[in-house]
Each structure stands twice: as structure tokens, then as C-alpha cells.
Amino acid sequence: MASRLPLTLRVYQKLSAAATPLSRLLIARRLRQGKEDSARVHERRGLSQVERPHGPLVWIHGASVGEVLAGAALIERLRTLNIRILLTSGTVTSAAVVARRFPPDIIHQFIPYDAPRYVGRFLDHWQPSLALFIESDLWPNLILAGASRRLPMLLINGRMSHRSFPRWQRASATIAALLGRFDICMAQSSVDAERFAALGSRRVVTTGNLKLDVQPPPADAAKLERLQAATRGRPVIVASSTHNGEEALLIEVHRAVARFFPDVLTVIVPRHPDRGEGVACMVAAAELKVALRSRDEMPEPGTEIYVADTIGELGLFYRLAPVVFMGGSLVEHGGQNPIEAIKLGAAILHGPHVANFTDVYEALDSAGGAIQVDSAEMLARQFIRLLGDAQARLHAVEASTAVVGRLGGALERTLGVLEPYLMQLRIEKGAADA
């Protein structure tokens, strides 16, 4: 099979094998940056301290938090079939989310670095019966090794962005060799489906976006009650999953909103919690009173901006705020998923850079379920308008809820495509249990 691979992949295999001894340096650097869990770095080398469970094992891989949460409902449905799940991801944040929000019988491992030796160890240990890759985190050695072991592999919730598509077109033989190893590619939209087909997927099915079927994020009742008591009587606005460059704008937005609502509390939730200290320092330098959640600080009556730099607590803040700005959209990041906030009754504001969720935001905007703002000034004006107009908020929430309901259903369509594979797993499980 190696001889039939494009030159790019053959070179990649050789270079990644030769670079394997350098992984210790990479791990050391990532540990210093807080990007690895020191107790679990062996998983990056394909080693595990967890025993493989008996019987069929479905392996699901998602790059980070968004992909892992997109697979949550699917994972729950698979659990009802008494099929064990191995869930892999690549970030410490996603591992923390899995620990907080997933049942304890879900086995989480960090995805190994894409070196042939590490990938081989991983597959030899876990011997998955079926592999489901969420969206587009495609590691060449991992995919090629899985195919060589005749592991059924499917791409679910597949997305091919308008940026990635032309890049892969320039490496058409490479991407075709990878996508051609998947039995089926389930795409989020017809546009994604056309792109995957053009790039070499053997069989493409449009199933929709699993992120539209996610359940509202949970919230600890006691923590929510404390926050509600601390903010009672105050208008609260949330800036969710913000990225570098947006917080400075949000400080100015807060000042503008406070001229109309003097006791407004702005909650900033950085996409990467380790940025919380820096954001708090920026707010303090702007001479605004700030509190930091990672220090167990609560918003006091005089607190102007609350930096919520913790993992897995968005459900708390979405329940506090009638209006939410979705971050990663005033800077060129691609936007964040608005569905969880919508399902908890928030009106949605977003910037122009939402390529990660183009179809969703287009549908929301056209229905009046979300509003695009192109500047900090526009964002402040919309916060002011929506805070002062309960009817406008209600209209936005009703419209967005209708859009989400209309676009949903990806979970059932995905399960329909998976049914032949799941039937085979049930047969194997029956034989293993006999």
C-alpha cells in the first residue's frame, strides 16, 4: 500500500518516524506551556495505563472541546446499546470537559502524536472495532494505520471550510489518499458534501450538524443560586468564548453600555481559561473593577467585569444573561457555536467572522434569531437595545429556537447511516458475551 501512496505521504511517514526521538522535547515544551497533562503524557506516545474493555469498542475522535461536545448526544445513544466508547482528543481543556460532563464509563485518552510507532502502539492496545472521526482532524499516520488494519473508519459531522478547501485542492492527491480510506463521509451541509466529494471521498452523505442537537450545558444548582444572589437586580451580559483582541474591545463596549445601564455586569468568558489572568490585568489597567472566577471571587455590587476563566461553567452564565455575544467573531477566528446559548434562552450577537458556522449564522441572521455586529460600537448599541427591549429579546429567542429546530435532526440521520456498523457490533458483542 505504501508504494501506491502519493510522494507527500511517503515523505511524511519517513520524516515523522525520524522525528520520533524529538517528541520528548516537544512534550517538555508543551508541559511548560500548560498544553499537556504531566500525569498523562505517556498517552501521547501511544501508551495507556487503562485496560481495554472486553468486547466491541467504538473509538470516537474529536480535536478539542467543540468536537467532543458535538459527539455527546451520539455517545449517549451508543451507550444505550451497551457498547463501550473510547473517546480521544488533543487538548487538556477537552479532557477536563470530558471529566466534568461525560459518564465515568467513557474512556478518555489523549490522541497520540502522529508518529508511526506511537500510532501503532495505540491501535495495538485498543484494537477498536469502529472509528468515528468528528469534523476534520485528519492525522495521516493514524488514518493510514487504521486502514492497513482494516478498521472501519467514518468521518462524522464533516466540515470543509472555505479556507481549507482551496488549500487541499492544491494537494489533491494527498487528501484523496486520506479521505479515500474512510468508508463514508457524513457532511454537515450540502456545500461540505460537495467539497468532500471533489477532494476524493468515496461515499458522501449529508447528515447535518450534530452541534445543533447538543443538549443545553448543565449548571450546578448551588453555584447558580450563589451567582443569581450576587447579581440580583443587575442587568448581566455575557461575552462567550472570547479570543485575543476581543477583550480590549469588550472593555469599551462595557463603558458604552454602562452609560445607559450604570449597574451592568459584563461577564467575559475567555475561550482559553489560561488567559484569564491576563484579561483581568487588562481590565484593571482600564481602571474598571474586576473579579476573577478562578480565584473563587464572586461579583460584588461594585464589580464591573467578571472574568469567568474556568472550564465547563458556561451553563451558569448563559442562565444569567438575556443577551450573549459569541466570541471569536470580531477577530478572524471563525466564530463559536451559538446553539447552547440559544437553548438556554439568550438573544445572540456575533461579529462578521463566523466561517466555522456559516450556515447556522446565515439561517439565524435571516430569521432575526441573531444579529451581526461589525464593530465594538455596533455591539454596544445592540446590547443597549436588547437590554432595554424585552419584546425584541423574546422575538430573537423565538426565531433562533425555530431555526435550531428546523436545522436539527443530524443525530438521527447519523445513527441511520451508522446502523449497519452498529448491527455488526451487536452481533460481535453477542458472540463475545456467549
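Scoring rules and cut-offs
Residues numbered from 1 in each chain as written. Predicted model: local features only at pLDDT ≥ 70, side-chain atom pairs only at ≥ 80, totals over all residues. Heavy atoms only, no water. UniProt positions renumbered as here; feature names shortened; annotations may be inferred. Buried < 20%, exposed > 50% of the residue type's maximum accessible area, 1.4 Å probe, protein only. Helix = DSSP H or I, 4+ residues; strand = E, 2+ residues; numbered from the N terminus. Arc of directions from axis to C-beta. Contact = heavy atoms within 4.5 Å. Polar contact = N/O pair within 3.5 Å; in protein donor to acceptor, adjacent residues only side chain to side chain. Axes fitted to C-alpha atoms, helices over the stretch in contact; angles between N-to-C directions. Left-handed = near helix turned anticlockwise from the far one by under 90°. Nonpolar A, V, L, I, M, F, W, Y, C, P; charged D, E, K, R; others polar. Pairing = 2+ DSSP bridges. Phe/Tyr/Trp six-rings, centres within 6.5 Å; stacked < 30°, edge-to-face > 60°.

The name an unreviewed UniProt entry gives the protein is 3-deoxy-D-manno-octulosonic acid transferase, with Rhodopseudomonas palustris as the organism. Under the UniProt heading Sequence similarities (unreviewed entry), the note attached to the protein is "Belongs to the glycosyltransferase group 1 family." For the protein, the Subcellular location (unreviewed entry) comment in UniProt is given as "Cell membrane".

Asker: So what exactly am I meant to see when it comes to helix H13 (residues 276-285) here?
Answerer: Buried residues of H13: Gly276, Val279, Ala280 and Val283, and no others. Angular distribution of buried residues about the axis of H13 spans 100 degrees; they occupy a single face of the element. Phi turns positive one or two residues past the end of H13, at Glu287, with a value near 65 degrees.

Asker: I tried to follow the UniProt feature "site: Transition state stabilizer" (unreviewed entry) in the protein on my own but got confused; where do I start?
Answerer: UniProt's feature table lists "site: Transition state stabilizer" (unreviewed entry) at Glu135 and Lys211, given in the numbering used throughout. Judged by maximum C-alpha separation, these annotated positions cover 77 residues in sequence but sit close together in space, the widest gap being only 10.8 Å. In this view, Glu135 contacts Glu67, Leu155, Ile156, Asn157, Gly158, Arg159, Gln188, Phe196 and Lys211; residues no more than four positions away in its chain are not counted. Tracing the backbone through its elements, the reader meets Lys211 in the loop between strand S7 (204-206) and helix H11 (221-231). Here Lys211 is in contact with Gly66, Glu67, Ala70, Glu135, Asn157, Asn337, Ile339 and Phe357, once residues within four sequence places are set aside. Among the polar contacts listed, one links the side chain of Lys211 to the side chain of Glu135, at a separation of 3.0 Å.

Asker: In this structure, what is going on with the packing of helix H12 (residues 246-260) against H13? I would like to understand it.
Answerer: The packing of two helices is summarised by the inter-axis angle and the distance between the axes. Direction vectors running N to C along H12 and H13 enclose 35 degrees, while the axes themselves pass 10 Å from each other. Two packed elements cross with a definite hand, and for H12 against H13 that hand is right-handed. Along its contact with H12, which presents Glu247, Ala248 and Ile251, the element H13 presents Val279, Met282 and Val283. Among the residues making up the contact of H12 with H13, the classes are represented as five nonpolar, no polar and one charged.

Asker: What's the story with the sheet that holds strand S12 (residues 323-326) in this structure? I'm lost.
Answerer: Strand pairing in a sheet takes place through backbone hydrogen bonds and is either antiparallel or parallel in direction. Pairing within the open sheet is parallel, and its seven strands lie in the order S10-S11-S9-S8-S12-S13-S14. Two strands lie at the open edges of the sheet, namely strand S10 (290-292) and strand S14 (370-372), each paired on one side alone. Adjacent strand axes in the sheet meet at a mean angle of 20 degrees, parallel and antiparallel pairs treated alike. Relative to strand S11 (residues 305-307), S10 is paired through three bridges, and the arrangement is parallel. Counted as the bridge partner of Ala291 is Tyr306 from S11. Strand contacts of H12: strand S8 (236-242), strand S9 (265-270), S11 and S12, with the helix running at about 170 degrees to S8, the strand carrying the most contacts. Contacts between H13 and the sheet are confined to S9, S10 and S11, with S10 contributing the most and set at about 170 degrees to the helix.

Asker: Explain the pairing of S9 to me, please; I cannot follow it from the model alone.
Answerer: Across a regular strand the side chains alternate sides, sitting on one face of the sheet and then on the other. Counting buried positions over the six residues of S9 gives six, a clear majority of the element. Across the two faces of S9 the burial is the same, with Leu265, Val267 and Val269 and Thr266, Ile268 and Pro270 all buried. Pairing between S8 and S9: six bridges, direction parallel. Bridging from a neighbouring strand, Val236 pairs with Leu265 of S9.

Asker: Can you walk me through the sheet that holds strand S6 (residues 184-187) in this structure?
Answerer: Read across the sheet, seven strands follow the order S3-S2-S1-S4-S5-S6-S7 without closing on themselves; strand pairing throughout is parallel. Each end of this open sheet is capped by a strand with a single partner; those strands are strand S3 (107-110) and S7. Averaged over all pairs of adjacent strands, the angle between their axes in this sheet comes to 20 degrees, without regard to strand direction. Relative to strand S5 (residues 153-158), strand S4 (residues 130-134) runs parallel, the two sharing four bridges. From the neighbouring strand, Phe133 faces S5, where its bridge partner is Leu155. Across the sheet, helix H7 (residues 140-148) touches strand S1 (57-61), S4 and S5, and the angle it forms with S5 is around 140 degrees.

Asker: Explanation requested: the packing of aromatic side chains in the structure shown.
Answerer: Two numbers describe a pair of aromatic rings. These are the distance of the centres and the angle of the planes. Applying the stated criterion across every chain, the model contains four aromatic pairs. Aromatic ring contacts, followed pair by pair, group Trp59, Phe122, Phe133 and Phe182 into a single cluster.

Asker: Can you walk me through unusual backbone geometry in this structure?
Answerer: A positive phi angle is found at Asn82, which is not glycine, with a value near 60 degrees. Tracing the sequence through the fold places Asn82 in the loop between helix H4 (72-79) and strand S2 (84-89). Of note, Gln127 is a non-glycine position whose phi angle comes to about 45 degrees, a positive value. Secondary-structure assignment places Gln127 in the loop between helix H6 (116-126) and S4.

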